[in-house]
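Residues per chain, in single letters:
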Amino acid sequence: MMDLGFDLAGRRDPRLFTGLLFASLGAILEAVPLGVAVWVLEALLVRGEPPLSTIALVLILLACLVGAFIFKIIGGRLNFSATYDLVGRTRLRLIEHLRKLPMGVWNQRRLGSTVSVLTDEFSLYTEIVTHSWGLVVANIALPVVIGIVLMFSDWRLGALALLPVPLALLAIPWSFRLVNRAADRAFAEKQAAVDLLVEYVRGIESLRDLEADRGYRARIEAQLHTVEREMMRAELLPAPAIMTFSMLVFTGFTLCFGAGAYWLVQGELEVARFFAVAMVALHFARTLSQLVLYLAMARHAARTLERIRALFDEPVQSEGKDPLQSGPIELEVHDLSFAYEDETTLQGVDAAFPVGSLTALVGPSGSGKSTLAHLLMRLWDVDAGRVTMNGLDVRDLTLQTVQSKVATVFQDVVLFQETVAENIKLGRPEASARDVEEAARTARAHDFIMELPQGYDTVLGPNGASLSGGQRQRLSIARALLKNAPILVLDEATASVDPYEESLIQEAIGALMEGRTVIVVAHRLWTIQGADQILVLDGGRVVERGPHEALVEAGGAYQHLWETQMENRQWRV
């Protein structure tokens, strides 16, 4: 049986098979009038009278008609409700699966590719699979029953009508190969178009500033024309195989009709039998030729399903079950190594982050600072060594446990199209309005929030576009305050704001750091002079460690970075 991906829903639905049974019974009842027609026609032309009274025949045909209608309605309702439910569950399970992937997957995969699968491809899969089950699997019964009626009517003519069918069936895998080839090319071009559109929307400000938006739009238009061409190919390429199938099926009808006419002239076949068999054979050819269209459509779903399965096949981060008690967290890394896309980023890193201490990670661009911070939060998993919390490897803890112990404030703040309050409550959804306001006050965000049209109930635009960089950053700090995690990771939160905003953010960060273990990814060294320890990374290794004064006096890599930044800081236009 064709793969429709129902296993991806994680459960079975008995409605599928009950619906299949009812739909098949409906197809059988739909074919019964053909058998009755053969029986009545023979009786009329041979004996000159119907085998049953007119009322009885009408009642039989009416019962078949009503029965087929009722069974098909029940079967269709069961099939559609089951398939839509299972596809919906599959989508939810896929979203949950994607949530557990290491962040490295998202860095390797362009956003447009995944968006294309989750939107266009999944919609296509949903549309096709819900119809394929009811129209293909269930309706296979109809040509089978008609074929049986045909053989019982006259086995010789029936055999001739069925003779080309095995050869016609060979056209189905041919059509599948054509569908696969066309669908793959169409998907690749659609994916490229989505990537271009995502890049255009993300970079529209820069494109307009550089007056390059028209040129980029021309690239998008050219790509969309390519998508249109490939989509047309996907629709038309299977046509030769489908037409070959239909031609062979109707060749069977032609053989049946021709042989029947010859035997009729030779007196070897009754007129009634000839017309009855010809009528059934024609109906058989029509139903079978319609079925191959649904089969080609189902193959489209199977190809789309392969791309959905590819996302499911991405390995998730393993989860353990070891408990982690509430309270202070001793965070350490032991002989840690990590490679990104076969390029070593960190190697042999050992470090301890004492409870309540402030540790700064510094070094030149590409030295591994941010990667180390991400590993501490378990956004990725280490290739070698361990990251531990209270002596337990984070891989032996649940992802939720690890994430609940770490709050983050990065330079690039992500806000959602929800209310201000909902954005602040992301890390603690059950928080009260009073808790939200208290966190906002501590983060120096309450005053500007109250100036918004609906205050805390104001719905933000995409990524808080209407807010300044400093305002967005203070909301991020309020979010981290409300989460109240024992470990805080900061990534130069004041790098791109004005001096006034910087002072407010520094005050908010000062309140946020109280009583927490803090790891700062530092780019401006004068902001971390008071750190308890500074880890200097270069080439993926910790080359120096210690407090600011000791590192400056040591005359090593840190002193060079410090002197360079001090010289640059004096530069003025």
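Here's a quick rundown of the structure.

Analysis parameters
Residues numbered from 1 in each chain as written. Predicted model: local features only at pLDDT ≥ 70, side-chain atom pairs only at ≥ 80, totals over all residues. Heavy atoms only, no water. Helix = DSSP H or I, 4+ residues; strand = E, 2+ residues; numbered from the N terminus. Buried < 20%, exposed > 50% of the residue type's maximum accessible area, 1.4 Å probe, protein only. Contact = heavy atoms within 4.5 Å. Areas by Shrake-Rupley, 256 points an atom, 1.4 Å probe, with all protein chains shown as cover. Phe/Tyr/Trp six-rings, centres within 6.5 Å; stacked < 30°, edge-to-face > 60°. Lys NZ or Arg CZ within 6 Å of the ring centre and 35° of its normal. Pairing = 2+ DSSP bridges.

**Let's talk about the overall build of the chain**
A count of helical and extended segments in the chain gives 21 helices and 10 strands. Residues counted as buried form 46% of the 573 residues belonging to the chain. Of the contacts formed within the chain by residues at least 6 apart in sequence, a portion of 79% connects residues at least 24 apart. Carbon and sulfur atoms form 58% of the exposed surface of the chain, whose accessible area is close to 29,100 Å².

**Overview of the packing of aromatic side chains**
Throughout the structure, instances matching the rule amount to six aromatic pairs. Here the aromatic rings of Phe253 and Phe257 are separated by 5.9 Å at their centres, their planes lie at 40°, and the arrangement is tilted. With Phe253 and Phe257 both in helix 11 (residues 239–265) and four residues apart, this pair spans about one turn of that helix. Ring pairs connect the aromatic residues Phe253, Phe257, Phe274 and Phe275, which therefore count as one cluster. Sitting over the face of the ring of Trp263, Arg156 holds its NZ or CZ atom 4.4 Å from the ring centroid.

**As for the pairing of strand 9 (residues 533–538)**
The element strand 9 is extensively covered by neighbouring structure, given that five of its six residues are classed as buried. Taken together, the four bridges between strand 3 (residues 358–362) and strand 9 define a ladder with parallel strand orientation. Directly across from Ala360, in strand 9, lies its bridge partner Ile534. Pairing geometry for strand 9 and strand 10 (residues 541–546), over five bridges, is antiparallel. In the strand pairing of strand 10, Val536 is matched with Glu544. Between strand 9 and strand 10, which follow one another and run antiparallel, lie two residues, and Gly539 among them has a positive phi close to 65°.

**Here we look at the sheet that holds strand 4 (residues 384–389)**
Spatially, the four strands line up as an open sheet ordered 2-1-4-5, and their pairing is antiparallel. Looking at strand neighbours, the two that pair on one side only are strand 2 (343–353) and strand 5 (392–393), the edges of this open sheet. Alignment of strand 4 against strand 5, held across two bridges, turns out to be antiparallel. Bridge pairing in strand 5 places Thr388 opposite Asp393.

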